[in-house]
Amino acid sequence: MKFSTRYTASKEKQEQIIEDAPRSMRIGYIKGILGKFVSESSRYSSASTPLDAYDVHLAFTALIRDEADPWDYSHESAWEGLTTHLKDCKWYEFYDFVEMLGKQLLEKDDLTPFSESDYFKQHQHALNALFQEDSIGWSLNENSELYRSTPKALADRSKRAEELLTDRFATARIHFQKATSYLYRHPVDEANSIKEIVSAIESVARVLHPNCSTLGDAIKVMRNDQRYSRHLIEAIEKLYVFSNATPLVRHGHSEGERPKLSEAELSLHVGIAFIRYLIEAGGKSA
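Calculation criteria
Residues numbered from 1 in each chain as written. Predicted model: local features only at pLDDT ≥ 70, side-chain atom pairs only at ≥ 80, totals over all residues. Heavy atoms only, no water. Helix = DSSP H or I, 4+ residues; strand = E, 2+ residues; numbered from the N terminus. Buried < 20%, exposed > 50% of the residue type's maximum accessible area, 1.4 Å probe, protein only. Contact = heavy atoms within 4.5 Å. Areas by Shrake-Rupley, 256 points an atom, 1.4 Å probe, with all protein chains shown as cover. Salt bridge = Lys/Arg side-chain N within 4 Å of Asp/Glu carboxyl O. Axes fitted to C-alpha atoms, helices over the stretch in contact; angles between N-to-C directions. Parallel < 35°, antiparallel > 145°, perpendicular 65-115°, else oblique. Left-handed = near helix turned anticlockwise from the far one by under 90°. Nonpolar A, V, L, I, M, F, W, Y, C, P; charged D, E, K, R; others polar. Phe/Tyr/Trp six-rings, centres within 6.5 Å; stacked < 30°, edge-to-face > 60°. Core = buried A, V, L, I, M, F, W, Y, C linked by side-chain atoms within 4.5 Å. Expected span 1.5 Å × (residues − 1).

**Points about the overall build of the protein chain**
Alright, step 1. Broken down by element type, the protein chain carries twelve helices and four strands.
Alright, step 2. Burial status across the protein chain gives 44% buried among its 286 residues.
Alright, step 3. For the protein chain, restricting intrachain contacts to residue pairs at least 6 apart in sequence, the fraction spanning at least 24 positions comes to 63%.
Alright, step 4. Accessible surface computed for the protein chain: about 15,000 Å², of which carbon and sulfur atoms make up 49%.

**Regarding the pattern of salt bridges**
Alright, step 1. Within the structure shown, the criterion is met by five salt bridges.
Alright, step 2. For the salt bridge of Arg230 with Glu234, the shortest nitrogen-to-oxygen distance reads 3.3 Å. Taken together, the residues span about one helical turn, with Arg230 and Glu234 both in helix α11 (residues 230-245) at a distance of four residues.
Alright, step 3. Looking at Arg230, the relative accessible area reads 43%, which means it is partly exposed.

**Brief notes about the packing of helix α3 (residues 53-63) against helix α5 (residues 91-111)**
Helix-helix packing is described using two parameters, namely the angle between the two axes and the distance between the axes.
Alright, step 1. Axis separation between α3 and α5 bottoms out at 10 Å; the angle between their running directions is 130 degrees. Judged by the inter-axis angle, α3 sits oblique to α5. Our pair here, α3 against α5, has a crossing hand that is right-handed. Contacts between α3 and α5 involve Val56, Ala59, Phe60 and Leu63 from the former and Glu93, Asp96, Phe97, Met100, Leu101 and Gln104 from the latter.
Alright, step 2. Split by residue class, the contact of α3 with α5 holds seven nonpolar, one polar and two charged.

**Focus: the packing of aromatic side chains**
Alright, step 1. Overall, the coordinates contain twelve aromatic pairs when judged by the stated rule.
Alright, step 2. Ring geometry for Tyr29 and Phe97: centres 6.5 Å apart, planes at 85 degrees, overall edge-to-face. Remark: Phe97 occurs in helix α5 and Tyr29 occurs in helix α2 (residues 23-32); sequence separation between them is 68 residues.
Alright, step 3. The buried category is assigned to Tyr29, whose relative accessible area is 0%.
Alright, step 4. Accessibility expressed as a relative area gives 0% for Phe97, which makes it buried.
Alright, step 5. Aromatic pair Tyr95 and Trp138: ring centres 6.1 Å apart, planes at 55 degrees, arrangement tilted. One end of the pair, Tyr95, is in helix α5; the other, Trp138, is in strand β3 (residues 138-140), and 43 residues separate them in sequence. We note that Tyr95, like Trp138, is buried.

**Looking at the nonpolar core**
For soluble globular proteins, the rule of thumb is that nonpolar side chains tend to be buried together.
Alright, step 1. Counting 38 residues, the largest nonpolar core has Val204, Ile275 and Leu278 as the members making the most contacts within it.
Alright, step 2. Elements that contribute at least two residues to this core include exactly α8 (170-184), α9 (190-208), α10 (215-223), α11 and α12 (261-282).
Alright, step 3. Excluding anything up to four places from it in sequence, Leu278 contacts Ile201, Val204, Leu208, Met222, Tyr228, Ile233, Ile236 and Gly283.
Alright, step 4. Counting 37 residues, the second largest nonpolar core, distinct from the first, contains Tyr7, Tyr29, Phe60 and Cys89.

**Quick word on the environment of Leu232**
Alright, step 1. Here Leu232 is to be found in helix α11.
Alright, step 2. For Leu232 and Tyr277, which are 45 residues apart along the polypeptide, the C-alpha to C-alpha distance reads 9.2 Å.
Alright, step 3. Leave out the neighbours within four places in its chain, and Leu232 touches Phe274 and Tyr277.

**Notes on α8**
For an α-helix, 3.6 residues make a turn, and residues three or four places apart therefore share a direction.
Alright, step 1. Its 15 residues give α8 an end-to-end C-alpha distance of 21 Å, which sits within 8% of 21 Å, the value for a rise of 1.5 Å per residue.
Alright, step 2. Regarding α8, the residues found buried are Ala172, Phe176, Ala179, Tyr182, Leu183 and Tyr184.

**A word on unusual backbone geometry**
Alright, step 1. Here the phi dihedral of Ser144 falls at roughly 60 degrees; this positive angle occurs in a residue that is not glycine.
Alright, step 2. With respect to the helices and strands, the residue Ser144 is situated in the loop between β3 and β4 (146-148).
Alright, step 3. Owing to a relative accessible area of 0%, Ser144 belongs among the buried residues under this scheme.
Alright, step 4. Positive phi outside glycine occurs at Asp167, with the angle close to 55 degrees.

Put into structure tokens, the structure is as follows:
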């Protein structure tokens, strides 16, 4: 499913999605990245440019169901036609192109398995660096699909939390990974992201307090445990109550307004902090 199709599906679900591909970023991509992979002046690709502008532009117009006009071009003017089209197309069509080109480079890599060039990874690395430099909220993954990226500081905290979830916390790690996946894939699934991060907290709490069968039971125990701050345990309880009361999340009703993206993001990042806190505090002797 191409980017614009995923975007349309998300709009129908009234999800908030970053809606921009600034012209300055597009120009940066064209001048700094595209020419390394798409031939600018020849009908035929060379060793340094695995793809041809004419063929790439034909594939792009077919992908977005566009006509050649007003991008009237020949083999000789294919680069100009392609780059003009990229600068003027809708923002989500530009991202369609980025994903399409990555997939073409993946195919090129597969056709030349003994080549020292890894075209896709070069394109992925350069594109993601450009996105980060221009504060664009997307990243290209290994399948050449764009997903919402996380600010580096939050990503680092998330990674450290995941590293704690090993051995006896392995089940919590699975819930944690699902929570992250639901929030940073498209279409976004806010309800399941909230459900999974709360399940991760519950799993950690049950490991630390094996006599408890639910997070609610664990909260009652931890509230009277001097290792924990009573006020922070009350904050965990508020998140637990929110997840149980919100439509489509855990025990919430199936009818009603679905959780907002901002609520899912807050739940995930607060949940990360709670997981780290419980493991730190609960690992100490009572």
